[in-house]
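# Understanding the architecture of this molecule
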2 protein chains.
Amino acid sequence: MKLQINVDRLRTNLEDLGRIGRDPNDGITRPSFSRADFEARVWLKNKIQDAGLAYRLDGAGNIFGRKDGSGRTVMVGSHIDTVINAGMFDGSVGVLAGLECLRTIEESGVKISRPLELAAFTDEEGNLVGDFLGSRAFIGCLDKELLEKGRTQIGRPLKEILKGTDFTIDGILEAHTTAPDLDAYLELHIEQGPVLDTEDIPVGIVTSIAGKHYRWCSFSGTAGHAGTTPLELRRDAFLGLADFALKSTQHVATHHYGSMVTVGKVQVLPGAFSIVPGQADFSYEFRSHAKETLEALERELFSLADDIAATRGLSFASKIIDLTEPVSIPPRIMDILKIECERLGYPYLPLPSGAGHDAQILAAKADVGMIFIPSPDGVSHSPQETIRWEDLEKGANLLLHALVILAE
Amino acid sequence: MKLQINVDRLRTNLEDLGRIGRDPNDGITRPSFSRADFEARVWLKNKIQDAGLAYRLDGAGNIFGRKDGSGRTVMVGSHIDTVINAGMFDGSVGVLAGLECLRTIEESGVKISRPLELAAFTDEEGNLVGDFLGSRAFIGCLDKELLEKGRTQIGRPLKEILKGTDFTIDGILEAHTTAPDLDAYLELHIEQGPVLDTEDIPVGIVTSIAGKHYRWCSFSGTAGHAGTTPLELRRDAFLGLADFALKSTQHVATHHYGSMVTVGKVQVLPGAFSIVPGQADFSYEFRSHAKETLEALERELFSLADDIAATRGLSFASKIIDLTEPVSIPPRIMDILKIECERLGYPYLPLPSGAGHDAQILAAKADVGMIFIPSPDGVSHSPQETIRWEDLEKGANLLLHALVILAE
């Protein structure tokens, strides 16, 4: 029997879901617990029930569709929330390809023994409190204080956003108590980078997911009149940041090839034409696929910041905003994905994921695996984000066959 | 006869004026054409009339107090407007020391022949449209379009700020038609830098005033996912700015010692933790005391910016916000100030002014001179700005004696 997903049905579903949360800037704005998100939740619930799966919602708003069986659960999923002004594929392809796989298995009558469960995790994008709210709630690693006091990207406190919904902070914190015992978790996702597209390869098998380290940092010096403070007497906080940004990039490129470091957000104070900056605040993140490298980066980069501060008569301070651990995909999962991909005759590339994913969080409780499909031009988090349907078909077929093996 | 200003009277005046425009942050906020400024204008008008001087107001709101005579006018002045949350000395010491000099001359009966005129110029601080609105109006070098379309620091268009006052844009543009023919202009000011205080010298005789070049600049690259865009493929606009800020500072320090370069205001776009910056906008100013150096800096620094953009795969653009010419104090004025200072027995230091002043603008129409008094710890534009009364007494006495020589 040739098992095969129906790509037209999958495409129709993606396009239907992609109409929910359309924003005035030609993109999709569907953060978790927004009005658009609740509309998408109703849509997904109907799809799950239409597919003959048992619908379940946990205290964190994670949505499940279960096909029962015996033993530990094999899960497939991703997320349906989006960043502000997003495209329609990030997250949604994983959830709807998972749904399509479960439907195909159900319709084909192929024999499987383990329970199979579809998951759509709440707020993977971190519009509320940090990234991965839903999957972190699912494995039970959230901090109550963070949920109560952490600032949401949306601007209002989480408690206020939850008001008028069926969700509560206590409910989110207890979500993990209703989680099934997991054997494996698979996630299909767009690559969000240029590698597969550049290499013209339809399927990526993720080898590892980078861990990341987010800090909010600050160099402080002394503000001064830009006309009367001689260059050699300045304690210019912005030059400290400039020096640090260049030297850390150089350091990572030279000594930790493949790791990333980014200064993404910058605030210079007081911030006027003719005043030497007294303070430079900035976001600082670095990522690596190895725990030891991430630890080395933390030591080396912040020691570099301290050295630059000392040399320039500045002070340096930082606070941790978020941390995730790097994850290596277990050989068992890698083998299944590679063998099935070869059997299906699809060209594939093993590649690391620089972006974080729910799979990374679930790795604490299950063997996880990820399949990437190409992001044309590497574009994501943008209305210009796109995919090729023939790539999705291959990725979803690989997902289907891997699920059948895992659940058999 | 020993000619001598009355420092107690001058101090009382400074303290009285310093009570107008007190803000909640323990400073003075008295931008031109604000309610506090109009209160200060009434106060100054009364003081001018009390001193027996002829009060006059021009179309730009510049305030004058004239003691008539024959021939070209000798002017003394500064400004009474302030930055937001200022101290009470920047500008005010020059106007009130000038007033004190004219009063002393009037009371002493010392014979002078030329007209002597006190001036308080509108908006030296550039809260409205660019720096030196009043003195630029006085010499007739303002651009109508700039006044009509330029953005004010205060946020509202100039036209709206003028509404409900007796001033109009046309009136500002015509102010120069009522200006007297000037022979010389003297200005006493706080140094706004640390030199005199560090050297413990009560009086500075300004040798030159730096010209400055203000631009709003931008490096543009490509925004990208901070986890999936390899360092070597990035076109990170912020790293372009960082490189430019460091290299231009190094270039100026090495090749143009004494000139200044400052990045004071920075906006990074899109400005998020996990997005490689696609654009970095920033203010860029450089100053020099020589016209040729300023021209060389313009060539060299923007060629450096272009090189950095080319190397990093970025584009660089900039637009001019403001330019002032450097001014050398004419030998005639330098000689008078030095000789009088020596006669008075005051230690003095000839020094350049890195900050801009109304004297710089008036240099297009008159021989100008400037006297500095120390700024303890170099502090200005801050509620912590201060002076020593004994320094002010010396500075004002020097001003008095120089005015007598110039007007005799």
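Conventions we followed
- Residues numbered from 1 in each chain as written.
- Chains lettered and ligands numbered in written order.
- Predicted model: local features only at pLDDT ≥ 70, side-chain atom pairs only at ≥ 80, totals over all residues.
- Heavy atoms only, no water.
- Helix = DSSP H or I, 4+ residues; strand = E, 2+ residues; numbered from the N terminus.
- Rg over C-alpha atoms; globule rule 2.2 N^0.38 Å.
- Buried < 20%, exposed > 50% of the residue type's maximum accessible area, 1.4 Å probe, protein only.
- Contact = heavy atoms within 4.5 Å.
- Areas by Shrake-Rupley, 256 points an atom, 1.4 Å probe, with all protein chains shown as cover.
- Lys, Arg positive; Asp, Glu negative; His and termini not counted.
- Charge placed at Lys NZ, Arg CZ, Asp CG, Glu CD.
- Polar contact = N/O pair within 3.5 Å; in protein donor to acceptor, adjacent residues only side chain to side chain.
- Least-squares fit on C-alpha atoms with pLDDT ≥ 70 in both.
- Salt bridge = Lys/Arg side-chain N within 4 Å of Asp/Glu carboxyl O.
- Nonpolar A, V, L, I, M, F, W, Y, C, P; charged D, E, K, R; others polar.
- Domains from an automatic or database assignment.
- Buried area = accessible area lost by both parts, 1.4 Å probe.
- Phe/Tyr/Trp six-rings, centres within 6.5 Å; stacked < 30°, edge-to-face > 60°.
- pLDDT = per-residue confidence, 0-100.
- Pairing = 2+ DSSP bridges.
- Right-handed = clockwise from strand over helix to strand, strands pointing away.
- Axes fitted to C-alpha atoms, helices over the stretch in contact; angles between N-to-C directions.
- Parallel < 35°, antiparallel > 145°, perpendicular 65-115°, else oblique.
- Left-handed = near helix turned anticlockwise from the far one by under 90°.
- Expected span 1.5 Å × (residues − 1).

## Remarks on the overall build of chain A
Looking only at helices and strands, chain A has 13 helices and 15 strands in total. The C-alpha radius of gyration computed for chain A amounts to 23 Å, which stays within 12% of the reference 22 Å derived for 408 residues, consistent with globular compactness. If you line up chain A on its principal axes, its C-alpha atoms span 80 × 50 × 40 Å. Looking at chain A residue by residue over its 408 residues, the buried ones come to 61%. Contacts in chain A between residues far apart in sequence, at least 24 positions, make up 79% of those at least 6 positions apart. Within the structure as shown, chain A displays about 15,600 Å² of accessible surface, and the carbon and sulfur contribution to it stands at 48%. Each charge class in chain A was averaged separately, 41 positive and 58 negative side chains, and the resulting centres sit 3 Å apart.

## Overview of the side chain of A:Ser32
Residue and element names in this part refer to chain A. In this fold, Ser-32 is placed in the loop between helix H1 (7–17) and helix H2 (35–50). At 2.7 Å, the side chain of Ser-32 and the backbone nitrogen of Asp-123 are in polar contact. If sequence neighbours within four positions are ignored, Ser-32 has contacts with Asp-37, Asp-81, Thr-122, Asp-123 and Leu-128.

## Examining the relation of the copies chain A and chain B
Turning one copy of the chain about an axis and sliding it along that axis gives the other copy, so a rotation and a shift relate them. Of the transformation superimposing chain A on chain B, the axial component is 0.1 Å and the angular component is 180°, with the fit at an RMSD of 0.1 Å. Put plainly, the chains are arranged around a two-fold axis. Using C-alpha coordinates, one finds that chain A approaches the rotation axis most closely at A:Ala242, a distance of 2.1 Å. Looking at chain A, 100% of its interface residues are interface residues in chain B too, so the copies touch through the same face.

## As for the interface of chain A and chain B
Listed as interface residues are 53 residues of chain A and, on the opposing side, 53 residues of chain B. Seen at the junction of chain A and chain B, the total is zero salt bridges. Taken together, the connections running from chain A to chain B amount to 10 residue pairs in polar contact (both at pLDDT 80 or more). Only strand S7 (211–220), helix H9 (237–255), strand S9 (260–269), strand S10 (275–276) and strand S11 (279–288) of chain A provide two or more residues apiece to the side of chain A that touches chain B. For the side of chain A that touches chain B, a count of residues per class yields 29 nonpolar, 15 polar and nine charged.

## Remarks on the domain arrangement of chain A
Residues and elements named next belong to chain A. Examined at the domain level, chain A breaks down into domain 1 (7–209 + 326–407) and domain 2 (211–324). Here the C-alpha centre of domain 2 lies 34 Å away from the C-alpha centre of domain 1. Domain 1 puts 12 residues into the contact, and the matching count from domain 2 is 12 residues. Summed over both sides, the interface of domain 1 with domain 2 buries roughly 820 Å², with 46% coming from carbon and sulfur.

## Re unusual backbone geometry
Residue A:Leu269 is joined to A:Pro270 through a cis peptide bond whose omega torsion reads 0°. Positive phi, close to 70°, is recorded for A:Phe33, a residue that is not glycine.

## Here's the deal with the packing of aromatic side chains
Residues and elements named next belong to chain A. In total, this model carries 41 aromatic pairs over all chains according to the counting rule given. Between Phe-64 and Phe-121 the ring centres are 6.4 Å apart and the planes differ by 85°, which places this aromatic pair in the edge-to-face class. Taken as a pair, Phe-64 in strand S2 (residues 63–67) and Phe-121 in the loop between strand S4 (116–120) and helix H4 (133–139) lie far apart in primary sequence, 57 residues in all. By relative accessible area, which is 1% here, Phe-64 ends up buried. With relative accessibility at 2%, the residue Phe-121 sits in the buried group. Here a set of aromatic residues connected by ring pairs shows up, and it is made of Phe-219, Phe-244, Phe-282, Tyr-284, Phe-286, Phe-302 and Phe-316.

## Looking at the confidence of the model for chain A
For chain A, the mean per-residue pLDDT works out to 96, and 100% of the residues sit at or above 70. Quick note on the complex model: pTM equals 0.87, ipTM equals 0.87.

## Description of the pairing of strand S3 (residues 73–78) of chain B
Residues and elements named next belong to chain B. Counting buried positions over the six residues of S3 gives six, a clear majority of the element. Going residue by residue along S3, you find Thr-73, Met-75 and Gly-77 tucked away on one face and Val-74, Val-76 and Ser-78 tucked away on the opposite face as well. In this sheet, strand S4 (residues 116–120) lies alongside S3 in parallel orientation, the contact comprising five bridges. Residue Ser-78 lies in a different strand from S4, and its bridge partner there is Ala-120. Where the polypeptide runs from S3 across helix H3 (residues 92–108) and back to S4, its parallel neighbour, the crossover connection is right-handed.

## Here we look at the packing of H9(A) against helix H9 (residues 237–255) of chain B
The N-to-C vectors of H9(A) and H9(B) enclose an angle of 120°; their axes lie 9 Å apart at closest approach. Relative to H9(B), H9(A) is oriented oblique. Seen along the crossing, H9(A) lies across H9(B) with a hand that is left-handed. Here H9(A) contributes A:Phe238, A:Leu239, A:Leu241, A:Ala242, A:Asp243, A:Ala245, A:Leu246 and A:Thr249 to the contact with H9(B), which in turn contributes B:Phe238, B:Leu239, B:Leu241, B:Ala242, B:Asp243, B:Ala245, B:Leu246 and B:Thr249. Of the residues that constitute the contact of H9(A) with H9(B), the class distribution is 12 nonpolar, two polar and two charged.

## Regarding the sheet that holds S9(A)
Residues and elements named next belong to chain A. One open sheet holds the four strands; their spatial order is S9-S11-S7-S12, and the pairing between them is antiparallel. Bordering the open sheet on either side are S9 and strand S12 (315–324), each of which pairs with just one other strand. Averaged over neighbouring strand pairs, the angle between their axes works out to 15° when direction is ignored. The sheet contacts of helix H10 (residues 291–311) involve S7, S9, S11 and S12, and relative to S11 the element is tilted by about 155°.

## Things to note about helix H13 (residues 389–407) of chain B
Along its 19 residues, H13(B) runs 26 Å from first to last C-alpha, staying within 8% of the 27 Å computed at 1.5 Å per residue. Taking burial as the measure, the 19 residues of H13(B) include 15 buried ones, the bulk of the element.

## What about the sheet that holds strand S7 (residues 211–220) of chain B?
What holds strands together in a sheet is hydrogen bonding between their backbones, with the strands either parallel or antiparallel. All names here are of chain B. In spatial order, the strands read S9-S11-S7-S12; together these four strands make up an open sheet with antiparallel pairing. Single-partner strands in this sheet number two, and they are strand S9 (260–269) and strand S12 (315–324). In this sheet, neighbouring strand axes are inclined to one another by 15° on average, regardless of whether the strands run parallel or antiparallel. With nine bridges connecting them, S7 and S12 associate as antiparallel partners. Paired with Ser-218 across the strands is Ala-317, a residue of S12.

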